[in-house]
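The chain contents come next:
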Amino acid sequence: MTGLSREQITWRVAQDLPDGAYVNLGIGLPTLVPPFVPSGREIVFQSENGLLGVGPAPAPGAEDPQLINAGKQPVTLLPGASISSHSDSFLMMPGGHIDIPLLGAYQVSERGDLANWMTEGDGKPPGVGGAMDLAVGAKQVWALMEHTTRKGEPRILERCTYELTAPRCVTRIYTNLAMIEVRDGLLVREIVEGLDFAALQTLTGAAIRLAPDCRPMRTAA
Amino acid sequence: MNKVHKDATAALAGLLRNGMTIMSGGFGLCGIPELLIKAIREAGVKDLTVISNNAGIDGAGLGLLLEAGQIAKMISSYVGENKLFAEQYLAGKLKLEFNPQGTLAERIRAGGAGIPAFFTKTGFGTIIAEGKDVREFDGESYIMERGLTADLAIVHAWKGDTEGNLVYRKTARNFNPVMATAGQVTVAEVEHLSEPGTFDPDHIVTPGIFVQRIIHAKNAEKRIEQRTTRPRPTP
């Protein structure tokens, strides 16, 4: 079961962002979200290296080495954008000013623990960057991820096996197979067409519950 | 008061010694004090503790000091872009104290403000919390982090005046303003140097009190680490 493509996952997430939200985009899948925001809805995207009002990548030849995102890629600014230092930018998360961080994830546990910065035994020096700061302080944290590893092993688990980014922070999980709320355990709100609840349970490493109003997962027309 | 020096070597004269702690502004290769880093490389001081978000890349930025074996310890948040760093770290030649990025910024802010320690939620319940004091406030758990200062802070700014007032450009601001506050001595390299009164006082980001020495870096290099652009429109 492959379910949604990466673009379809990010399209699905974009449909749920409320008008006027300040949203941080984590590295990886979340960076694909902005083009899918429905027209007429204003979302202000933050990049934690000091940008609010991040626009799309520049046209070739228009890159500015002094205007980059947290992934160190050149970006543009939208009208109304602002710049701040790292001190001011990083108080926006723990201070509760960012409405929703959208974060990539290696693993999420049934109580909302997030692991998204380090896999085991990768032989690299440890480096967490901004991952832990982003996961702390917002009322909602949405995780975007493939439902299983390439080998088909679950990545939604009773307990994360990788080093944690933050405990009990994820409130919603969007995968290629389902949309799941973390609310006293895992509540399945949407399942991709062609997959039933029992099959989804076998691909999930923790007990899931079916929401009474569970719907087929929406995709772009 | 004369804060202006003719070049990076002159600006660092009398400040460098083995075993010292240096803060270096920048995020990736964006907004780094390139000429001051080169002058530290030429000076050859060793056993440095360097506080900087990243460690440059191979052959650029702080990567130059790594190549020359001048750094004994890094206090950073992310060092993934530097192969030489990984080699030296895994060989046990280099110590690393890694921090969440916002915690690093706040540790420097606290240091510059004379605050020895503070509590943050970031890192609670993770390996970052190991060995640190935990306290509960209003039903939530927080870990204690220490303020950071340095013997020397080197920063980059877009514009400066001879009083040491600094103005930054776009995301080259990053850690530079906060590091300028936390050095015993702060040396700034600026792309454009002006006489006092040139800038609207309301637009100055770093007041000159934080900057002791300044150089005019007319031709510092600016590089893009991860080049990404939108696709060319199809004809």
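Above: the structure in question.
Worth saying up front: this structure is predicted, and the values here are computed from it rather than measured.

## A look at the overall build of chain B
For chain B, the helix and strand inventory stands at six helices and 11 strands. Once local pairs closer than 6 in sequence are excluded, the contacts in chain B between residues at least 24 apart make up 72%. Of the roughly 10,500 Å² of accessible surface on chain B, 48% is carried by carbon and sulfur atoms. Charged side chains in chain B number 27 positive and 26 negative. The centres of these two groups are separated by 4 Å.

## Points about the overall build of chain A
Regarding its fold elements, chain A presents four helices and 13 strands. Taking 2.2 N^0.38 as the reference for a compact globule, 221 residues should give roughly 17 Å; the C-alpha atoms of chain A span a radius of gyration of 17 Å, in line with that estimate. Here the C-alpha coordinates of chain A stretch approximately 50 × 45 × 30 Å along the principal axes. Looking at chain A residue by residue over its 221 residues, the buried ones come to 56%. A total of about 9,200 Å² of accessible surface is found on chain A, and carbon and sulfur atoms cover 51% of it.

## A word on the packing of aromatic side chains
Per the stated rule, a full pass over the model turns up six aromatic pairs over all chains. Ring geometry for Trp117 of chain A against Phe98 of chain B: centres 5.7 Å apart, planes inclined by 45°, an arrangement best described as tilted. Remark: Phe98 of chain B occurs in strand 4 (residues 95-98) and Trp117 of chain A occurs in the loop between strand 7 (114-115) and helix 3 (131-134); the pair is interchain, linking two chains. For the pair Trp117 of chain A and Phe98 of chain B, a shared accessibility class is recorded, and that class is buried. Here the aromatic rings of Phe119 of chain B and Phe137 of chain B are separated by 5.3 Å at their centres, their planes lie at 65°, and the arrangement is edge-to-face. Taken together, the positions of Phe119 of chain B in strand 5 (residues 117-120) and Phe137 of chain B in strand 6 (residues 134-137) put the pair 18 residues apart, joining distant regions of the chain.

## Structural notes on the sheet that holds strand 5 of chain B
For sheets, the rule is that strands pair by backbone hydrogen bonds, running either parallel or antiparallel. All names here are of chain B. Taken in spatial order, the three strands of this open sheet run 5-7-6, and their pairing is antiparallel. Pairing within the sheet leaves two strands with one partner each, and these edge strands are strand 5 and strand 6. With direction set aside, neighbouring strand axes in the sheet form an average angle of 40°. Across four bridges, strand 6 lies against strand 7 (residues 140-146) in antiparallel orientation. Considered in strand 7, the bridge of Arg135 is made with Tyr142.

## As for the interface of chain A and chain B
Tallying the contact residues gives 43 residues for chain A and 50 residues for chain B. In total, chain A and chain B occlude about 3,900 Å² of area from one another, counting both sides; carbon and sulfur atoms represent 65% of this. Connecting chain A to chain B are two salt bridges. Viewed at the interface, chain B and chain A are joined by 13 residue pairs in polar contact (both at pLDDT 80 or more).

## Quick notes on the nonpolar core
Counting 58 residues, the largest nonpolar core has Leu17, Val23, Leu102 and Ile173 of chain A as the members making the most contacts within it. At four residues, the largest contribution of residues to this core is made by strand 11 (residues 178-182) of chain A. Discounting residues that sit within four places of it in the chain, Leu17 of chain A has contacts with Val23, Val33, Val37, Arg41, Ile43, Phe45, Ile100, Leu102 and Trp142 of chain A. Ala11, Ile22, Val79 and Ala129 of chain B belong to the second largest nonpolar core, which has 37 residues in total.

## Examining the sheet that holds strand 9 (residues 156-157) of chain A
Residues and elements named next belong to chain A. Taken together, the three strands give an open sheet; going across it, the order is 7-6-9, and neighbouring strands pair in mixed fashion. Looking at which strands have only one partner, the edges of the open sheet turn out to be strand 7 and strand 9. Sheet analysis places strand 6 (residues 107-109) next to strand 9, joined by two bridges and oriented parallel. From the neighbouring strand, Ser109 faces strand 9, where its bridge partner is Leu157.

## Some thoughts on helix 1 (residues 6-15) of chain A
All names here are of chain A. For helix 1, a buried count of seven out of 10 residues is recorded, marking the element as mostly surrounded by other parts of the structure. Taken residue by residue, helix 1 has Ile9, Thr10, Trp11, Arg12, Val13, Ala14 and Gln15 as its buried positions. The secondary structure elements touched by the buried residues of helix 1 are strand 5 (100-104), strand 8 (142-144), strand 10 (172-174), strand 11, strand 12 (186-191) and strand 13 (208-216).

## A word on the side chain of Gln88 of chain B
Turning to its location among the elements, Gln88 of chain B is positioned in helix 4 (residues 83-90). The contact partners of Gln88 of chain B, leaving out residues within four places of it in the chain, are Leu66, Lys93 and Leu94 of chain B.

## Observations regarding the environment of Arg17 of chain B
Residues and elements named next belong to chain B. For Arg17, the position within the fold is in the loop between helix 1 (8-12) and strand 1 (21-24). Residue class for Arg17 comes out partly exposed when judged on its relative accessible area of 45%. For the pair Arg17 and Asp151, spaced 134 residues apart in sequence, the C-alpha to C-alpha distance is 9.8 Å. Of the polar contacts made by the side chain of Arg17, one reaches the side chain of Asp151; its length is 3.5 Å.

## Focus: helix 2 (residues 34-43) of chain B
If you check which residues of helix 2 of chain B are buried, you get Glu34, Leu36, Ile37, Ala39 and Ile40 of chain B. Gly44 of chain B sits one or two residues past helix 2 of chain B and shows a positive phi near 75°.

## Things to note about the side chain of Asn69 of chain A
Mapped onto the elements of the fold, Asn69 of chain A is located in the loop between strand 3 (51-54) and strand 4 (77-83). A distance of 2.9 Å separates a polar side-chain atom of Asn69 of chain A from the backbone nitrogen of Gly71 of chain A. Discounting residues that sit within four places of it in the chain, Asn69 of chain A has contacts with Ser47, Asn49 and Val75 of chain A together with Phe27 of chain B.

Conventions we followed
Residues numbered from 1 in each chain as written. Chains lettered and ligands numbered in written order. Predicted model: local features only at pLDDT ≥ 70, side-chain atom pairs only at ≥ 80, totals over all residues. Heavy atoms only, no water. Helix = DSSP H or I, 4+ residues; strand = E, 2+ residues; numbered from the N terminus. Contact = heavy atoms within 4.5 Å. Areas by Shrake-Rupley, 256 points an atom, 1.4 Å probe, with all protein chains shown as cover. Lys, Arg positive; Asp, Glu negative; His and termini not counted. Charge placed at Lys NZ, Arg CZ, Asp CG, Glu CD. Rg over C-alpha atoms; globule rule 2.2 N^0.38 Å. Buried < 20%, exposed > 50% of the residue type's maximum accessible area, 1.4 Å probe, protein only. Phe/Tyr/Trp six-rings, centres within 6.5 Å; stacked < 30°, edge-to-face > 60°. Pairing = 2+ DSSP bridges. Axes fitted to C-alpha atoms, helices over the stretch in contact; angles between N-to-C directions. Buried area = accessible area lost by both parts, 1.4 Å probe. Salt bridge = Lys/Arg side-chain N within 4 Å of Asp/Glu carboxyl O. Polar contact = N/O pair within 3.5 Å; in protein donor to acceptor, adjacent residues only side chain to side chain. Core = buried A, V, L, I, M, F, W, Y, C linked by side-chain atoms within 4.5 Å.

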